[in-house]
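Tertiary structure, described
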Amino acid sequence: RGKRAFIAGVADDQGFGWAIAKALAAAGAEILLGTWVPALNIFETSLRKGKFDESRLLPNGSLFEIAKVYPLDAVYDTPDDVPDDVKSNKRYAVATGWTVKEVAESVKNDYGSIDILVHSLANGPEVTKPLLDTSRKGYLAAISASSYSYVSLLKYFSPFMNPGGSSISLTYLASEKTIPGYGGGMSSAKAALESDTRVLAFEVGRKYKIRVNTISAGPLRSRAAKAIGFIDDMINYSTANAPLQKELDSDEVGYSAAFLASPLASAITGTVLYVDNGLHTMGVAV
Ligand code: NAI
């Protein structure tokens, strides 16, 4: 039986989520996506119009299929959590049932079970501000969208994940080393995500026999990264200083995620896997 994957955090073909979906599809998995509600229309339209066809091309010459796209906003767990101004916002009125609990219920109703859960989303409204200048509201929003969203996804999805299943998130070196420019509490959010990876690995490992790992990825020119503002500097820094002096390709993260999701990684859980050309090993710029 082929595996089924739900990948949260895909709204174009530029980010890690897309690359992971593609690598899992190439390995034979059925692909379900969770797309941020405000980005849903443009993503589905672009998909339908063939804008992503070139990047949908698999090594075997076919285009990878997306079985279903679910609208999702991972900062809300249940309809009761959604504030009135969001409920009435026309960017949110395009869809229904997009809180985490509701999406999980829809996936369960549509497909019964999944094998692979991927969290490839983050948001920090004050990411361009130094931590010292970050408001409490901005800090908590970063943690809510980037860290708790993963706790919530696992809480609602793991009960219908098949034993032996695998869950993966994406983290960044700024959790453990100071990277000026990655502000707004995003460094804190990634530290929480990595710590939660260990605790959740224990909890869902014991309860459901599911593995939980996170990939610490090198810099990629995704939509989210461009919004931070210093992505070109980070890519140049990595190319100059990492053991492997090449630009990271999102497919390299996709393949690593496919490995972690596969039986080849059946004893790996609770870990941070660096897919960053080795940059994290360096203590000085050379
Ligand atoms: P991306 O822009 O492709 O992905 C981020 C996605 O999160 C977007 O599709 C966005 O619509 C979605 N999103 C934001 N708030 C959401 C919410 N409340 N509910 C549902 N979806 C929401 O960018 P990228 O860079 O591929 O990001 C994926 C993951 O990789 C993130 O966790 C990011 O922190 C991480 N990462 C990125 C690096 C980079 O250099 N691009 C480096 C290391 C980690």
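Residues numbered from 1 in each chain as written. Predicted model: local features only at pLDDT ≥ 70, side-chain atom pairs only at ≥ 80, totals over all residues. Heavy atoms only, no water.

Quick look at the overall build of the protein now. Along its length, the protein carries 9 helices and 7 strands. Here the C-alpha atoms of the protein give a radius of gyration of 18 Å, agreeing with the 19 Å that 2.2 N^0.38 yields for 286 residues. Along the three orthogonal principal directions, the C-alpha set of the protein runs to about 55 × 45 × 45 Å. A total of 286 residues make up the protein; the buried ones form 52% of that total. Taking as baseline every contact in the protein between residues at least 6 positions apart, the subset at least 24 positions apart corresponds to 77%. Split by element, the accessible area of the protein, about 13,500 Å² in all, is 54% carbon and sulfur. Across the protein, the centroid of the 29 positively charged side chains sits 3 Å from that of the 30 negatively charged ones. (Helix = DSSP H or I, 4+ residues; strand = E, 2+ residues; numbered from the N terminus. Rg over C-alpha atoms; globule rule 2.2 N^0.38 Å. Buried < 20%, exposed > 50% of the residue type's maximum accessible area, 1.4 Å probe, protein only. Contact = heavy atoms within 4.5 Å. Areas by Shrake-Rupley, 256 points an atom, 1.4 Å probe, with all protein chains shown as cover. Lys, Arg positive; Asp, Glu negative; His and termini not counted. Charge placed at Lys NZ, Arg CZ, Asp CG, Glu CD.)

Another point: the site of the ligand. Taken together, 28 residues surround the ligand, and among them Phe16, Asp73, Lys190, Leu220 and Ser222 come closest. At a separation of 2.9 Å, a nitrogen atom of the ligand approaches a polar backbone atom of alanine 74. Between an oxygen atom of the ligand and a side-chain N or O atom of serine 222, the distance comes to 2.6 Å. Summarising the interface, the protein chains cover 93% of the accessible area of the ligand, which totals 820 Å² for the free molecule. Listing elements by their share of the shell around the ligand, those giving two or more residues are strand S5 (161-171) and helix H7 (223-228). Considering every element that reaches the shell around the ligand, the biggest residue donor is H7, with 3 residues. Split by residue class, the shell around the ligand holds 18 nonpolar, 7 polar and 3 charged. (Near = heavy atom within 4 Å. Polar contact = N/O pair within 3.5 Å; in protein donor to acceptor, adjacent residues only side chain to side chain. Nonpolar A, V, L, I, M, F, W, Y, C, P; charged D, E, K, R; others polar.)

Below, the discussion takes up the side chain of aspartate 73. Within the element layout of this structure, aspartate 73 appears in the loop between strand S3 (68-72) and helix H3 (84-87). Buried charge aspartate 73 goes without a salt bridge, the closest partner of opposite sign being arginine 91 at 8.4 Å. For aspartate 73, the side chain forms a polar contact with the main-chain nitrogen of valine 75, separated by 3.0 Å. Setting aside residues up to four positions removed in sequence, aspartate 73 forms contacts with Trp36, Val37, Tyr92, Trp98, Thr99 and Val100. (Salt bridge = Lys/Arg side-chain N within 4 Å of Asp/Glu carboxyl O.)

With the rule as written, the count across this model stands at 10 salt bridges. Here aspartate 53 ties to arginine 56 by a salt bridge, and the two come within 3.1 Å at their closest N and O atoms. Residue aspartate 110 is joined to lysine 68 by a salt bridge in which the shortest nitrogen-to-oxygen separation is 2.9 Å. Taken together, the residues aspartate 110 in helix H4 (residues 100-111) and lysine 68 in strand S3 connect sequence positions 42 residues apart. Look at aspartate 110 and you get partly exposed, because its relative accessible area is 38%. Several salt bridges converge on common partners, so that one network encompasses Asp53, Arg56 and Glu65.

With that out of the way, let us pick up helix H8 (residues 231-241). Looking only at H8, the buried set comprises Ile231, Met234, Ile235, Ser238 and Asn241. Each buried residue of H8 lies within a common arc of 150 degrees when the element is viewed along its axis, so the set occupies one face. (Arc of directions from axis to C-beta.)

Read these as geometric descriptors, not functional statements.
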